[in-house]
Amino acid sequence: MTNSYLPPLFEQLAARLRRALPGVEIDGRPSDYLVGGAALRLRLGHRLYLDLADDGRDWFVAGLSADSTGVTPVADRSVERLGLPLHSCLLYTSDAADDGCLV
């Protein structure tokens, strides 16, 4: 899936996550955390989601829920900093055809 507002970095990451996590719904979206930024939202269950986003320097994840009453406000989301620079090259389990670089 290509979203015109997603930077190439996020498109590449989304494609790799979809290959690594088949069956997990992963959508690109404008960021709730950085004006003009992007985020990837992974659906973990019926109402539970995990946003993978950045603050312009580092990656982080934020847990939230969504139901008929709305979405968890940004200030109330559980945020975990990953301690990884935005353009870092990370090793992960991959097939031989992949270069082993997450982003």
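Given the structure is predicted, the values throughout are model-derived calculations rather than measurements.

Draft legend 1. Examining the side chain of aspartate 51 more closely. Inspection of the secondary structure assignment puts aspartate 51 in strand β3 (residues 48-54). Judged by its relative accessible area of 0%, aspartate 51 falls in the buried class. Ignoring anything within four residues of it in the chain, the contact list for aspartate 51 reads Asp32, Tyr33, Leu40, Arg41, Phe60, Val61, Ala62, Leu64 and Arg77.

Draft legend 2. Spatial organisation of the pairing of β3. Most of β3 is tucked away, with five of its seven residues classed as buried. Pairing between strand β2 (residues 38-43) and β3: five bridges, direction antiparallel. Paired with alanine 39 across the two strands is alanine 53, which belongs to β3. Where β2 folds back onto β3 in an antiparallel hairpin, the turn is made up of four residues.

Draft legend 3. Spatial organisation of the confidence of the model for the protein chain. Residues at a pLDDT of 70 or more form 79% of the protein chain, whose mean pLDDT is 82. The low-confidence segment residues 91-100, where pLDDT is below 50, has twelve contacts with residues more than four positions distant or belonging to other chains.

Draft legend 4. Seen up close, the environment of serine 78. Take serine 78: it is sitting in strand β6 (residues 78-85). Through-space distance from the C-alpha of serine 78 to that of alanine 62 is 5.4 Å; in sequence the pair is 16 residues apart. With near-sequence residues (within four places) excluded, serine 78 lies in contact with Val61, Ala62 and Gly63.

Draft legend 5. Local environment of the nonpolar core. Phe10, Leu13, Leu17, Leu40, Leu52 and Trp59 are the most contacted members of the largest nonpolar core, which totals 14 residues. Secondary-structure elements contributing two or more residues to this core are α1 (8-20), β2 and β4 (58-67). Beyond its immediate chain neighbours, meaning those up to four positions away, phenylalanine 10 contacts Ala38, Ala39, Leu40, Leu52, Asp54 and Trp59.

Draft legend 6. Expanded view of the pattern of salt bridges. Evaluation of the coordinates by the stated rule reveals nine salt bridges. Connected via shared salt-bridge partners are Arg29, Asp32, Arg41, Asp51 and Arg77.

Reading the values: rules and limits
- Within any chain, residue numbers begin from 1 and follow the written order of that chain's sequence.
- In view of the model being predicted, local features appear only for residues whose pLDDT reaches at least 70, and side-chain atom pairs are presented and counted only at 80 or more, with totals across whole chains, interfaces and linings using the full set of residues.
- Hydrogens are left out, water is left out, and the side-chain values use all remaining heavy atoms of the structure.
- For the purposes of this entry, the term helix denotes a DSSP run of H or I that reaches at least four residues, the term strand denotes a run of E that reaches at least two, and both are numbered from the N terminus.
- Residue exposure (1.4 Å probe, protein chains only): buried if accessible area is under 20% of the type maximum, exposed if over 50%, otherwise partly exposed.
- We call two residues in contact when some of their heavy atoms are within 4.5 Å.
- Strands were regarded as paired on the criterion that DSSP finds at least two bridges between them.
- Values of pLDDT, which run from 0 to 100, indicate the predictor's confidence residue by residue.
- Side-chain atoms within 4.5 Å are what join buried Ala, Val, Leu, Ile, Met, Phe, Trp, Tyr and Cys residues into a set we call a nonpolar core.
- Salt bridges are defined as contacts in which a side-chain nitrogen from Lys or Arg sits within 4 Å of a carboxyl oxygen from Asp or Glu.

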